[in-house]
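Tertiary structure, described
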Amino acid sequence: MALQGPIPISFELLFPHGCYVVGEVTAAKDFDAKRDTQAKDKVTGLPVWQVPVMDADPSLKAAQKTVTVKILAEVQPVVPPALPGVPLAPAEFEGLEVKPYVHQATGRLAYSISARVMRAPRTGAGKAGNAAKDAA
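Residues numbered from 1 in each chain as written. Predicted model: local features only at pLDDT ≥ 70, side-chain atom pairs only at ≥ 80, totals over all residues. Heavy atoms only, no water.

1. Description of the overall build of the chain
Along the backbone of the chain there are three helices and nine strands. Mapped in sequence order, the helices and strands of the chain form the string β-α-β-β-β-α-β-β-β-β-β-α. Within the chain, buried positions represent 28% of all 136 residues. Within the chain, counting contacts between residues at least 6 apart in sequence, those at least 24 apart form 58% of the total. Counting every atom, the chain has about 9100 Å² of accessible surface; 58% of that belongs to carbon and sulfur. (Helix = DSSP H or I, 4+ residues; strand = E, 2+ residues; numbered from the N terminus. Buried < 20%, exposed > 50% of the residue type's maximum accessible area, 1.4 Å probe, protein only. Contact = heavy atoms within 4.5 Å. Areas by Shrake-Rupley, 256 points an atom, 1.4 Å probe, with all protein chains shown as cover.)

2. Thoughts on the confidence of the model for the chain
Detailed reading of predicted coordinates is not advised where the pLDDT is low. Within the chain, residue pLDDT values average 88, and 88% of them lie at 70 or more. This stretch, residues 125-136, has a pLDDT under 50; its non-local contacts, to residues over four places away or in other chains, come to three contacts. (pLDDT = per-residue confidence, 0-100.)

3. Section: the pairing of strand β5 (residues 66-72)
Of the strand pairs in this sheet, strand β4 (residues 48-55) and β5 are connected by seven bridges, and their pairing is antiparallel. Counted as the bridge partner of W49 is I71 from β5. (Pairing = 2+ DSSP bridges.)

4. Digging into the side chain of E92
Checked against the element boundaries, E92 lands in strand β6 (residues 89-94). On the accessibility criterion, E92 (2% relative accessible area) is buried.

5. Quick word on the layout of surface pockets
Using a probe with the size of a water molecule, rolled over the atoms, empty space left in the structure can be pinpointed. The calculated volume of the largest pocket comes to roughly 920 Å³. Lining the largest pocket are 27 residues, and of these K42, V48, K70, K99 and S112 sit closest to its centre. Residue assignment for the lining of the largest pocket shows that the elements contributing at least two residues are β4, β5, β7 (97-102) and β8 (109-115). Looking at the lining of the largest pocket element by element, the count peaks at four residues for β8. Taken together, the residues of the lining of the largest pocket sort by class into eleven nonpolar, six polar and ten charged. (1 Å grid on protein atoms, 1.4 Å probe; cavity = no way out; pocket = protein on both sides within 12 Å on 5 of 7 lines; lining within 4 Å. Points joined across faces, edges and corners; volume = space filled by probe spheres on them. Nonpolar A, V, L, I, M, F, W, Y, C, P; charged D, E, K, R; others polar.)

6. Comments concerning the nonpolar core
If you look at the biggest cluster of nonpolar residues, it comprises 18 residues, and the most contacted ones within it are V21, V51, V53, V69, I71, F93 and M118. Looking at this core, the elements that each hand over two or more residues are β2 (19-21), β4, β5, β6 and β8. Apart from residues no more than four positions distant in its own chain, I71 is found in contact with P47, V48, W49, V51, P77, F93, A115, R116 and M118. Residues A28, A39, L46 and V48 belong to the second largest nonpolar core, which totals five residues. (Core = buried A, V, L, I, M, F, W, Y, C linked by side-chain atoms within 4.5 Å.)

Laid out in structure tokens, this is it:
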């Protein structure tokens, strides 16, 4: 099989309705370490951070809306600014990858989502301009 390891995916495909940061960026724990240490990506060696996000897809059930995105970055990522009057911050991610695994407690297929960059969403004109640039 040609696919081995993480599966690259675009933000638009993973979060077609966008997503919102609903918590703080924290250091991901290394559960294999004997001490309380931050996890490091096995391939890049970069520190792993995590942030809870809410998928804006209106068709999802409540239990499916919130996911954790792991961010591989040397320094702690900063949450984009929140919307005026609302405690939610819209965000986009670059360098997204999905890693399938079997959840040990349930025996079901689950996914770990990782990214390289978290940023504020581009405006509609910026998205169209970047899409045209990417296609060229």
